[in-house]
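Secondary and tertiary structure notes
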Amino acid sequence: MSILTLHDVAVSTNPIGIECEHCMRRVLLTREIARARAGDTRTLQEAGLHCGKCGSRNFDVMIFETRSRMAAFMRNL
């Protein structure tokens with residue numbers, strides 16, 4: 001589980017990678033999708049983030065420093 005907050009998502013320059021621990025689905029989370037605002041200290045779990053495929057609330061979070069790492073994350077499904 002992650003302790004990333006909506007503030008972290010809002011100020012990130014790249015989307016955040018989310019991988020469901022149950023079904024292994026991978027998605028990219030942007031500030032628009034998460035409706036994240038700077039200063040919002042709720043964690044992703046508190047905000048109700050869940051897998052759109054299986055409904056699990058257990059996930060790993062990946063923070064990307066480069067676009068190439070983000071692309072590699074999505075390619076390795």
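For the structure, check the block above.
A brief look at the structure comes next. Owing to the predicted nature of the structure, the values given are computational and were not obtained by experimental measurement.

Notably, Met-24 is not glycine yet its phi reads approximately 70 degrees, a positive angle. Note on placement: Met-24 falls in the loop between β1 (16–20) and β2 (26–29). At Arg-35, a position not held by glycine, the phi torsion is positive, near 55 degrees. Its location among the elements puts Arg-35 in the loop between α2 (31–34) and β3 (59–63).

For the rest of this paragraph, the subject is the packing of aromatic side chains. With the rule as written, the count across this model stands at 1 aromatic pair. Each ring, one from Phe-64 and one from Phe-73, has its centre 5.2 Å from the other, and the planes form 55 degrees; the classification is tilted. Phe-73 sits in the buried class, given a relative accessible area of 6%.

Further remarks concern the pattern of salt bridges. In total, this model carries 2 salt bridges according to the counting rule given. In this structure, Glu-19 engages Arg-26 in a salt bridge whose closest nitrogen and oxygen atoms are separated by 3.1 Å. A relative accessible area of 10% means that Glu-19 is categorised as buried. Among the ionic pairs, Arg-42 bridges to Asp-40, the shortest N-O distance being 3.0 Å. Exposure remark for Arg-42: the relative accessible area of 38% places this residue in the partly exposed category.

The topology assignment puts Leu-29 in strand β2. Taking the C-alpha atoms as reference points, Leu-29 and Leu-4, 25 residues apart in sequence, are found 12 Å from one another. Apart from residues no more than four positions distant in its own chain, Leu-29 is found in contact with Val-9, Pro-15, Ile-16, Ile-18, Ala-34, Leu-44 and Leu-49.

Our next topic: the environment of Glu-19. Turning to its location among the elements, Glu-19 is positioned in strand β1. For Glu-19 and Arg-67, which are 48 residues apart along the polypeptide, the C-alpha to C-alpha distance reads 17 Å. Excluding residues that lie within four positions of it along the chain, Glu-19 makes contacts with Met-24, Arg-25, Arg-26, Phe-59, Asp-60, Met-62 and Phe-73.

Right, let's talk about the state of the cysteines for a bit. On inspection of all chains with the given rule, the structure shows 0 disulfides. The closest cysteine sulfur to the non-disulfide-bonded Cys-23 is located on Cys-51, 3.6 Å from its own sulfur. Under the relative-accessibility criterion, Cys-23 is labelled partly exposed at 23%.

Rules used in this analysis
Residues numbered from 1 in each chain as written. Predicted model: local features only at pLDDT ≥ 70, side-chain atom pairs only at ≥ 80, totals over all residues. Heavy atoms only, no water. Helix = DSSP H or I, 4+ residues; strand = E, 2+ residues; numbered from the N terminus. Phe/Tyr/Trp six-rings, centres within 6.5 Å; stacked < 30°, edge-to-face > 60°. Buried < 20%, exposed > 50% of the residue type's maximum accessible area, 1.4 Å probe, protein only. Salt bridge = Lys/Arg side-chain N within 4 Å of Asp/Glu carboxyl O. Contact = heavy atoms within 4.5 Å. Disulfide = S-S within 2.5 Å.

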